[in-house]
Amino acid sequence: IEAENLSADLHSITDIQTSVVKALEGEGLNLITATALPPTDSAYDSEATNFVLILQQGYVIVRAFPEHKHCSLDLHLWSEFNKHNAAKKALIASVGGSMDSVTSYRIVAGGMFGVSTWKEDAESRGPKVTQKCEASFTDEKDMSEMDEQTVAVAMEAGIGLVQDENAIVAVVCGYYTEPCDSIDIVHKHDNVKEVIPLYTCPGIKSTGELLESKKDSITACTNENIKILNHSFQENDKRLHAVVIDRNAPKNMGSVVSQILTRIFKEQSGAPKLEVAPQFLILATVEQKSEAWRRSLLDTVRKQIIVADPVSGARVFFNTSDTSVEFHVTSSGDELFFEHLTNLMKKVESETDLVVEVRNILGGLWKPEFIPNLEPWEVSKYMSPGDFDRNSSLLQWRSQQPLGYQTVFQLEHGQRFKVGDKVSNVQNGILFEGIVEAVDFANDIYHVWYGDDDDDDDDDCAVDDVDEDEDEDDDLLKIMKSFELKSIDDAVLPSITVDQIEDSLKNTLDQMKLDNVNGADVFSVQNIGDGHVIAALWSGGTAVVLWDGRTHVDVNLFTYNESKEAADEFVSHFKQSHGYLNTALRDEQPRGKGGVVNFLYDIDPGADPRWA
């Protein structure tokens, strides 16, 4: 978390720590211990300081840069994940920040086995399975028991996208004997002057018809509803602004609507004698799996019937805590459709308890034949790089100021092999046995030969000795990661212990050449779960090692000076000191202000990037 433009006084490490601890405890997180360093004269801030808090649920690292009014924060939780967002907001507020001046990213890393809340954590972690694959799935149960009030709100909101006053709306209903709630919902809207109901014809059936008879009944119903439209639009100044599909309209009425709109927009014979408004909408809700035809209808209108740009489509969900209404809209002629849709969402959320979620935004197809005086193979203008506005990107580039370098290593307990070791690997369910020919220990990469033993060279070789240009069978020489291999001897690996983790970190610090690392303040916490946390603070940075109690170890390394070589050296010493750890994942990123995303070596001070 990068918190900028902070209002709190960052000079007093005691005051900052007190404020942070109070904020975290207010969110139900429990402090175990804390360690801080006095201000350090770093390359970027003469009064930079940092401290580490070990909690019952995770750990927090705070790096304060008083001269820049900036804090770089790390929040790592291994339990009670549901408090993550609240803890993040509390942290930011505790150092005098606000959410609009914060940038952040998230890495999925290791946790801790054996914590007391593991059952509750398992229930709150990750996506929730609401329908098992093997469970029966019928139309009657699919998205069942929709809240009628939510449907009404969704439909009323959709009509709000009609921008013209005195609008005329056609509502496609079920049979005369069935309710058509959309008529009343649409009629109540201030912009609607007239509602024209189009009822399902008695001859329309959803099942039990032969193909020809079904086609005839749909055509007959189309002609009947066109007569209704012609009667309603006898006055010349009337225009049709929208078509609404009521929830009781059957599937075959979708074919009727499609035929009517096709005749109108394609100017075919038999079209209704009416004019469509420049801004035209078609709206529908989808409440059950069997109503997917509504979604298809609006897609067909967008792709095949209304061909003149601008044409847009949106799939929107109106959510309550228990139900969700799927709402679809296709809009033609509204160049500000997305702005109107955004304003509509804000209005609904401010006036109701609903949460509005736009799931999909769709556009029309660009058809050059509809651009005057333009051949189909031509374009109206060729865009050069100078035609694009890069001001915001350039301002962000110039505002970047890296203040540190962070690397998160995720290590897995496993066998480390040497040249000549016999190993096995399972590929596509088949067991292969081979011999390690070359090793790149820094990156845990092994060159394994799966050919005959007689062809192997028994002499040891380094990774640089492998000639990639040799005429070898690529299927026989494989480049593997350590965790993909297993010793043929099936040797039992020694378990990780607390003492090993502590010794590995201390030995690494003793061998490193980082600034003032020999004076590092090292402390550890046990008995949180099955694992262990050990942290080191020195004037040049911090390192926090988390062991999950089984086979996974995280190393969170931060240095004020940007040096990939130092990070490589650190993890190399750590792995060699332990002997059975291999790198599974590595994430590295700059830390700093100005929405920093580039490392210092990427940025040429005083020079703009080439794309500018």
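A brief look at the structure comes next. (Residues numbered from 1 in each chain as written. Predicted model: local features only at pLDDT ≥ 70, side-chain atom pairs only at ≥ 80, totals over all residues. Heavy atoms only, no water.)

**Here we look at empty space enclosed by the protein**
Then, number 1: One pass over the structure, following the stated rule, counts four cavities of 30 Å³ or more.
Then, number 2: Of the pockets and cavities examined, the largest cavity occupies roughly 90 Å³.
Then, number 3: Around the largest cavity sit Ala170, Val172, Leu198, Leu229, Leu240, Val243, Met253, Val256, Val257, Ile260, Leu261 and Ile264, which together line it.
Then, number 4: At the level of secondary structure, the elements contributing two or more residues to the lining of the largest cavity comprise strand S7 (167-172), strand S9 (239-245) and helix H7 (252-265).
Then, number 5: The element contributing the most residues to the lining of the largest cavity is H7, with six residues.
Then, number 6: Its residues assigned to classes, the lining of the largest cavity shows 12 nonpolar, no polar and no charged.
Then, number 7: Estimates place the volume of the second largest cavity at around 50 Å³.
Then, number 8: Lining the second largest cavity, in full, are Ala157, Gly158, Leu161, Val316, Phe318, Phe327, Val329, Leu341, Leu344, Met345 and Val356.
Then, number 9: Looking at the lining of the second largest cavity, the elements that each hand over two or more residues are helix H4 (148-159), strand S11 (311-319), strand S12 (324-332) and helix H9 (337-351). (1 Å grid on protein atoms, 1.4 Å probe; cavity = no way out; pocket = protein on both sides within 12 Å on 5 of 7 lines; lining within 4 Å. Points joined across faces, edges and corners; volume = space filled by probe spheres on them. Helix = DSSP H or I, 4+ residues; strand = E, 2+ residues; numbered from the N terminus. Nonpolar A, V, L, I, M, F, W, Y, C, P; charged D, E, K, R; others polar.)

**Focus: the layout of surface pockets**
Then, number 1: The computed volume of the largest pocket comes to approximately 1000 Å³.
Then, number 2: His76, Leu77, His84, Ile107 and Ala109 are the residues nearest the centre of the largest pocket, which is lined by 38 residues in total.
Then, number 3: Contributing elements (two or more residues each) for the lining of the largest pocket: strand S5 (70-77), helix H2 (84-94), helix H3 (118-124), strand S14 (401-413), strand S23 (552-559) and strand S24 (581-593).
Then, number 4: Sort the elements by how many residues they give to the lining of the largest pocket and S5 lands first, with five residues.
Then, number 5: For the lining of the largest pocket, the per-class residue count stands at 17 nonpolar, 13 polar and eight charged.

**Here's the deal with the packing of H7 against helix H8 (residues 292-305)**
Then, number 1: Direction vectors running N to C along H7 and H8 enclose 15°, while the axes themselves pass 10 Å from each other. Taken as axis vectors, H7 and H8 run roughly parallel relative to one another. Seen from above, H7 lies across H8 with right-handed handedness. Taken together, the residues of H8 that come into contact with H7 (itself represented by Gly254, Val257, Ser258, Leu261, Thr262 and Phe265) are Trp293, Leu297, Val301 and Ile305.
Then, number 2: Of the residues in the contact of H7 with H8, the class split is seven nonpolar, three polar and no charged. (Axes fitted to C-alpha atoms, helices over the stretch in contact; angles between N-to-C directions. Parallel < 35°, antiparallel > 145°, perpendicular 65-115°, else oblique. Left-handed = near helix turned anticlockwise from the far one by under 90°. Contact = heavy atoms within 4.5 Å.)

**Things to note about the sheet that holds strand S10 (residues 275-286)**
Then, number 1: Strand order across the open sheet formed by seven strands is S8-S7-S9-S10-S12-S11-S13, with mixed pairing between neighbours. Every interior strand has two partners, whereas the edge strands, strand S8 (192-198) and strand S13 (355-363), have only one. Going across the sheet, the axis of each strand differs from the next one's by a mean of 20°, ignoring polarity.
Then, number 2: Bridging between S11 and S12 involves nine bridges; their strand directions are antiparallel. Counterpart to Arg315 in the pairing with S12 is His328.
Then, number 3: Packing against the sheet, H8 makes contact with S9, S10, S11, S12 and S13, and its axis sits at approximately 155° to S10.
Then, number 4: The strands touched by H9 within the sheet are S11, S12 and S13, with S13 carrying the most contacts at an inclination of about 170°. (Pairing = 2+ DSSP bridges.)

**Describing the packing of aromatic side chains**
Each pair of aromatic rings is reported with the distance of its centres and the angle of its planes.
Then, number 1: Counted under the stated rule, the structure contains nine aromatic pairs.
Then, number 2: Considering the side-chain rings of Phe558 and Tyr560, the 5.2 Å spacing of their centres and the 80° angle between planes classify their relative orientation as edge-to-face. Considered together, Phe558 and Tyr560 belong to a single accessibility category, that of buried residues.
Then, number 3: Aromatic side chains Phe599 and Tyr601 sit 5.4 Å apart centroid to centroid with 10° between the ring planes, which places their arrangement in the stacked category.
Then, number 4: Each residue in the set Phe65, Phe558 and Tyr560 is aromatic and connected to the rest through ring pairs, giving one cluster.
Then, number 5: In this structure, Arg359 packs its charged tip against the face of Phe317, placed 4.1 Å from the ring centre.
Then, number 6: Arg550 extends its terminal NZ or CZ atom over the ring of Phe113, reaching a point 3.9 Å from the ring centre. (Phe/Tyr/Trp six-rings, centres within 6.5 Å; stacked < 30°, edge-to-face > 60°. Buried < 20%, exposed > 50% of the residue type's maximum accessible area, 1.4 Å probe, protein only. Lys NZ or Arg CZ within 6 Å of the ring centre and 35° of its normal.)

**A closer look at the state of the cysteines**
Disulfide: a covalent bond connecting the sulfur atoms of a pair of cysteines.
Then, number 1: For the structure shown, the criterion picks out two disulfides.
Then, number 2: Disulfide pairing is shown between Cys173 and Cys180; the S-S distance is 2.1 Å. Between Cys173 and Cys180 the disulfide shows an S-S torsion of about -75°. By sign, it is left-handed.
Then, number 3: When its relative accessible area of 11% is taken as the criterion, Cys180 is described as buried.
Then, number 4: Across a sulfur-sulfur distance of 2.1 Å, Cys201 and Cys221 are joined as a disulfide pair. (Disulfide = S-S within 2.5 Å.)

By themselves, these are just geometric observations and shouldn't be taken as functional.
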